[in-house]
Amino acid sequence: MKQETMSARVQQLVDDFRAARPEVFAERAVLVTQAYAQTEGLPMLVRRAKILSHLLEHVTVLLRPGELIVGCKTPAILGSPLYPEIACDWIEAELDTIALRDEAPFLVSDQTKAALRAGVFGYWRDKQVYNRIMEVLPPEVNQATAEGQFFHYYLNRSIGHITVDYESVLKKGFLGLKREAEAELDRVDYEAAGSLKKMHLLRAMIISCDSAIHFAERYAAEAERLAAAERDPVRRAELEQIGAVCRRVPAYPARTFHEALQSFWFVHLILNLETNSYAIGPGHFDQYMFPFYQADTAAGRLTEPEAKELLACLWLKLNELTVVKEGGTAKASTTFNDFQNLNLGGQTSIGEDAVNTLSYLCLDVTAMLQLPQPQISALISHKSPDAFVTRASEVISLGFGMPSVFNHDEIIEALLNKGKTLEDARLGGINGCVELNVPGKDNMASSGYLNLLKSLELAMNNGVNPLTGTQLGPKTGPPDDFASFNAFMEAFRQQLAHAINLKVIYDNLARQVYADFCPVPFTSLLMDGCMEKGRDYHDYGAKYNLPLMCGVGTGTI
């Protein structure tokens, strides 16, 4: 198998990444807290857009040495921002121990601690989304979480597993999307129910478009400033090119492969700054990026080594996205990076094989870097060429766990069974670990794990939790009274049904709290259905809104 060789630039960026250490930064928390205080009294949708605008206006803008794709979540390569609007109490309680714990520790400087204690914690007491969720949960649901039937997924995470419509920005730019939102605003029927909410959402989307454009312009200005002072003519030309790219995208449609990659990254970065949604995935990256690669190579503007270097620079940016977790979550999931599932192959919306030249290049770059992110999923259908299966297998043989392999024909069948159209089901792919969704159209709102083993344990103890003596589940009879294995299985099914019902209550109430107190107008702008319905992504605005629940412990059961 041919093994790719890193360019000197990529090797240095990889070395810098491997030398970096995870660190917590207070900047986002401070800026968001300022913006919340300044916007009190405004409609929440508009308020959230103005908060994002304030953040993108003032967050640190910097270009790391040698990089070609720019945009940073924090000043440090492995820095994690904080999201006090989601949950803040745990940060205050664990601030002095985050760096000392065994599981996923993050450095926390004295400066960061002082900034949080002076300008963040006091404002958020009793105002966090987590507080509001806890206020509305019925006692039996709280009891179920406390005793291990499921856990408080939203303790330090927002509703996640999202794949937006990146292609819409590549084709239209935010100026084009802004015009669409303005046109929809002109068409609002103010006699219809929900018209006020729709008006607020559309205004928030318009603000979000302007904010994203200005954010890129800040990077353009910084690149131009650095270019003017750069003595190395090669790097000066690169910085001038970066400045020109950031002046163009994401305001306007991308024209080149470089512009498309940079536009994608700005979108992906802003999604991660708007809120700490879990597992924001790039989706069918090779499909929506291929036209730009194809046009550039056909015109002689781009060589294969240049394309791979640009991809490698983007892969390294994806590895910068880390999220600090509270102690209990860190014990369950000891990773630093967020999960960003990038799909290759599969089928197109009209049922044709989707494998293209870029699919192979993405596998090559993944094999070369062998980094945790992005998570590569190879979607294999009955139409996939043998060469793609072979190349994916060769990369797997390197032993670093990528790509994962999924049967795209079965994915299509599963999504059809969940009510998707055939065209949309063909566009379906993998998000997070193994979750199915349709990019840009789906709010599956994956909300954490349901403990199947606890239901088994309750079935063996007449619904009593043996650890606490609590009657946690229904009385399904002592096991000595079961006349057959089928009777035992029926008891298990009743316990599981009871747990599922409690989890559904938890999830539905949590989603409504998010819709009311933490809407995401930027995310909603890039999700099919939200603009037309006038409903935020958390408010069931997407085209499909079938939630997903993950049961764990199946192997042990």
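Heads up: these notes are all about the structure in this document. Quick caveat, the model's predicted, so the values are computed rather than measured. All residue numbers refer to positions counted from 1 along the written sequence of the respective chain. For a predicted model such as this one, the threshold for reporting local features is a pLDDT of at least 70, and the threshold for listing and counting side-chain atom pairs is 80 or more; totals across whole chains, interfaces and linings nevertheless cover every residue. Values reported for side chains reflect all heavy atoms of the structure, with hydrogen atoms and water molecules removed beforehand.

**Quick word on the layout of surface pockets**
And then number 1: Points on a 1 Å grid over protein atoms alone make up a cavity when a 1.4 Å probe fits among them but cannot get out, and a pocket when they form an open set with protein on both sides within 12 Å along at least five of seven lines; lining residues each have an atom within 4 Å of a point. Grid points are joined across faces, edges and corners, and a volume is the space filled by probe spheres set on the points. Roughly 780 Å³ of volume is contained in the largest pocket.
And then number 2: The wall of the largest pocket is formed by 35 residues, among which Asp-165, Glu-167, Ser-168, Pro-439 and Lys-441 lie closest to the centre.
And then number 3: Those elements giving two or more residues to the lining of the largest pocket turn out to be helix 9 (166–186), helix 13 (285–298), helix 19 (422–426) and helix 23 (530–533).
And then number 4: Strands are runs of DSSP state E lasting at least 2 residues, helices are runs of H or I lasting at least 4, and numbering of each runs from the N terminus. Looking at the lining of the largest pocket element by element, the count peaks at eight residues for helix 9.
And then number 5: Here the residues of the lining of the largest pocket sort into 14 nonpolar, eight polar and 13 charged. Lys, Arg, Asp and Glu make up the charged group, whereas Ala, Val, Leu, Ile, Met, Phe, Trp, Tyr, Cys and Pro make up the nonpolar group; the residues left over, Gly among them, are polar.

**Here we look at the sheet that holds strand 3 (residues 341–345)**
And then number 1: The strand order 3-4-5 describes an open sheet built from three strands, whose pairing is parallel. Where the open sheet ends on each side, the last strands, each with one partner, are strand 3 and strand 5 (404–407). The average undirected angle you get between the axes of adjacent strands in this sheet is 30°.
And then number 2: Paired strands, in this sense, are two strands between which DSSP finds at least two bridges. Looking at chain direction, strand 4 (residues 375–380) and strand 5 are connected through four bridges and run parallel. When the sheet's bridge partners are listed, Ala-378 is paired in strand 5 with Val-405.
And then number 3: Helix 18 (residues 408–417) contacts strand 4 and strand 5 of the sheet and is inclined by roughly 55° relative to strand 5. Working convention: axes come from line fits to C-alpha atoms, limited for helices to the stretch in contact. Angles between N-to-C directions cover 0 to 180 degrees. Only heavy atoms enter the contact rule, under which two residues are in contact if any of them lie within 4.5 Å.

**Observations concerning the packing of aromatic side chains**
And then number 1: Classification of ring pairs uses Phe, Tyr and Trp, with its six-membered ring standing for Trp, and accepts pairs whose centres are within 6.5 Å; under 30 degrees between planes counts as stacked, over 60 as edge-to-face, and the remaining range as tilted. Here the structure, examined in full by the defined rule, presents 19 aromatic pairs.
And then number 2: Both rings, one in Tyr-360 and one in Phe-388, keep their centres 5.9 Å apart while their planes meet at 90°; by these two values the pair is edge-to-face. Here the residue Tyr-360 occupies a position in helix 16 (residues 357–369), and Phe-388 occupies one in helix 17 (residues 386–396), the gap between them amounting to 28 residues.
And then number 3: Residue Phe-388 is classed as buried on the basis of its relative accessible area of 0%.
And then number 4: Members of the aromatic cluster, joined through ring pairs, are Tyr-166, Phe-264, Phe-285, Tyr-288 and Trp-315.
And then number 5: Over the ring of Tyr-123 we find Lys-127; its NZ or CZ atom is 3.7 Å from the centre of that ring. Burial classes: relative accessible area under 20% of the type maximum marks a residue as buried, over 50% as exposed, and values in between as partly exposed (1.4 Å probe, protein chains only). The criterion for a charge sitting over a ring is simple: Lys NZ or Arg CZ within 6 Å of the ring centre, and within 35 degrees of the ring normal.

**What to know about the pattern of salt bridges**
And then number 1: Salt bridge, as used here, is a side-chain nitrogen of Lys or Arg placed within 4 Å of a carboxyl oxygen of Asp or Glu. Tallying each qualifying case throughout the model produces 35 salt bridges.
And then number 2: Here Lys-178 makes a salt bridge to Asp-210, at a shortest N to O gap of 2.9 Å. Highlighted residues: Lys-178 in helix 9 and Asp-210 in helix 10 (residues 195–229), separated in sequence by 32 residues.
And then number 3: Residue Arg-255 pairs with Glu-259 through a salt bridge whose shortest N-O separation is 2.8 Å.
And then number 4: The exposure class of Arg-255 is partly exposed, given its relative accessible area of 49%.
And then number 5: Take Glu-259: its relative accessible area is 5%, and that puts it in the buried class.
And then number 6: Salt bridges linked by common partners bring Glu-304, Lys-308, Asp-364, Arg-391 and Glu-394 together as one network.

**So, the nonpolar core**
And then number 1: Core analysis: the largest hydrophobic core is formed by 134 residues, its most contacted members being Phe-174, Phe-257, Phe-285, Met-289, Leu-311 and Trp-315.
And then number 2: Among the elements that take part in this core, helix 10 stands out by supplying 15 residues, more than any other.
And then number 3: Residue contacts for Phe-174: discarding those within four places in its chain leaves Val-169, Cys-209, Ala-212, Ile-213, Pro-250, Ala-251, Val-267, Phe-522, Leu-525 and Leu-526. Residues grouped as a nonpolar core are buried Ala, Val, Leu, Ile, Met, Phe, Trp, Tyr and Cys residues, joined through side-chain atoms within 4.5 Å.

**Some words on the side chain of Lys-454**
And then number 1: In this fold, Lys-454 is placed in helix 20 (residues 452–459).
And then number 2: Given the relative accessible area of 7%, Lys-454 is considered buried.
And then number 3: Apart from the residues lying within four places of it in its own chain, the contact partners of Lys-454 are Glu-147, Gly-148, Gln-149, Asn-465, Leu-467 and Leu-472.

**Looking at the packing of helix 10 against helix 11 (residues 233–248)**
And then number 1: Interaxial distance between helix 10 and helix 11 falls to 8 Å at its minimum, and their mutual angle equals 160°. Viewed along their axes, helix 10 and helix 11 adopt a mutual orientation that is roughly antiparallel. By crossing handedness, the relation of helix 10 to helix 11 is classed as left-handed. For the pair helix 10 and helix 11, the contacting residues are Ala-216, Glu-217, Tyr-219, Ala-220, Ala-221, Ala-223, Glu-224, Leu-226 and Ala-227 in the first and Arg-236, Leu-239, Glu-240, Ile-242, Gly-243, Cys-246 and Arg-247 in the second.
And then number 2: Of the residues in the contact of helix 10 with helix 11, the class split is 10 nonpolar, one polar and five charged. For classification purposes, an angle smaller than 35 degrees is called roughly parallel, one larger than 145 roughly antiparallel, one from 65 to 115 roughly perpendicular, and anything else oblique. For any helix crossing, the convention is left-handed if the near helix is rotated counterclockwise from the far helix by under a right angle, and right-handed if that rotation is clockwise.

**Comments concerning the environment of Val-434**
And then number 1: Inspection of the secondary structure assignment puts Val-434 in the loop between strand 6 (429–431) and strand 7 (435–437).
And then number 2: Along the chain, Val-434 and Cys-362 lie 72 residues apart, while their C-alpha atoms are 20 Å from each other.

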